[in-house]
Amino acid sequence: MRNKKHILLTTLTITFLSCFTYVISQTKPVIESKPPQDTVKTIRPNLIAIPTDSVFTDKGLKLKPYKKNAHASYYADRFNGKKTANGSRFSNSAYTAAHKKLPFGTRIKVTNEANGKFVIVKVTDRGPFVKTRELDLSKRAFMEITKSKGSGAMKVTIETIVE
């Protein structure tokens, strides 16, 4: 009887250890976490890397990065002459923009990420009212920097001009 208990106990122990070893071998190894990323990003290749919360100078302008990969579109012609949210009259031939949050009067540099062309516009209106879009430009500003005149939207980098 004692020998049977010993054999049973040994068998159970071996079974338990086998199962435990199998479970351990199936779990993924712990990978050491990467060191925290530096907050310095390169805005353009010809500029020195800068912290994203700082102000830098480009051709005499003090610029503060606002958003990269933002979607921009342009106003339809039917809005010409209509009042904007700040009370002025909209003109598709002016260099203006609509933004959801930036204060009225804020001047921003908008750079087309596809070709590097940029314009400086003034925020005079609220919008765009499409969730995926960040900025509505006047038609003149949009056409000046677009890669394809037939497109209605593009990816841009927005930088605020610090006075």
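Computed from a predicted structure; not experimentally measured.

## Description of the environment of Ser 91
Checked against the element boundaries, Ser 91 lands in the loop between β4 (61-74) and β5 (96-99). With relative accessibility at 27%, the residue Ser 91 sits in the partly exposed group. For the pair Ser 91 and Arg 140, spaced 49 residues apart in sequence, the C-alpha to C-alpha distance is 9.2 Å. Ignoring any residue separated from it by four or fewer positions in sequence, one finds Ser 91 in contact with Asn 80, Thr 96 and Ser 138. Looking at Ser 91, its side chain comes within polar contact range of the side chain of Ser 93, at 2.9 Å.

## Concerning the side chain of Thr 124
As for its placement among the helices and strands, Thr 124 is situated in strand β7 (residues 118-125). Using a relative accessible area of 9% as the deciding quantity, one classes Thr 124 as buried.

## Re the nonpolar core
Counting residues in hydrophobic clusters, the biggest one holds 18 residues, and the most contacted among them are Ile 108, Val 110, Val 121, Leu 135, Leu 137 and Val 156. Sorting the residues of this core by element identifies β4, β6 (107-112), β7, β8 (135-137), α2 (139-145) and β9 (153-161) as the ones contributing at least two each. Per-element tally for this core: the top contributor is α2, with 4 residues. In this structure, Leu 135 is in contact with His 71, Ala 72, Ser 73, Ala 97, Ala 98, His 99, Ile 108, Val 110, Pro 128 and Ile 158, ignoring residues within four places of it in sequence.

## A word on the packing of aromatic side chains
Scanning all chains against the criterion turns up 3 aromatic pairs. Ring geometry for Tyr 75 against Phe 79: centres 6.0 Å apart, planes inclined by 75°, an arrangement best described as edge-to-face. The rings of Tyr 75, Phe 79 and Phe 90 are connected pair by pair, giving a single aromatic cluster. Residue placement shows Lys 109 over the ring face of Phe 118; its charged tip is 4.2 Å from the ring centre. Above the plane of the ring of Phe 104 lies Arg 126, whose end atom (NZ or CZ) is 4.2 Å from the centre.

## What to know about the pattern of salt bridges
Applying the stated rule across the entire model yields 2 salt bridges. Among the ionic pairs, Glu 134 bridges to Lys 67, the shortest N-O distance being 2.9 Å. You can see Glu 134 sitting in the loop between β7 and β8 and its partner Lys 67 sitting in strand β4, a full 67 residues away along the chain. For Glu 134, a relative accessible area of 14% gives the class buried. Classification of Lys 67 as partly exposed rests on a relative accessible area of 36%. Of the charged contacts, one joins Asp 77 and Lys 139 as a salt bridge, the two residues approaching to 3.4 Å between their closest N and O atoms. Of the two residues, Asp 77 is situated in the loop between β4 and β5 and Lys 139 in helix α2; the sequence distance between them amounts to 62 residues. A relative accessible area of 47% places Asp 77 in the partly exposed class.

Conventions we followed
Residues numbered from 1 in each chain as written. Predicted model: local features only at pLDDT ≥ 70, side-chain atom pairs only at ≥ 80, totals over all residues. Heavy atoms only, no water. Helix = DSSP H or I, 4+ residues; strand = E, 2+ residues; numbered from the N terminus. Buried < 20%, exposed > 50% of the residue type's maximum accessible area, 1.4 Å probe, protein only. Contact = heavy atoms within 4.5 Å. Polar contact = N/O pair within 3.5 Å; in protein donor to acceptor, adjacent residues only side chain to side chain. Core = buried A, V, L, I, M, F, W, Y, C linked by side-chain atoms within 4.5 Å. Phe/Tyr/Trp six-rings, centres within 6.5 Å; stacked < 30°, edge-to-face > 60°. Lys NZ or Arg CZ within 6 Å of the ring centre and 35° of its normal. Salt bridge = Lys/Arg side-chain N within 4 Å of Asp/Glu carboxyl O.

Structural measurements only, silent on function.
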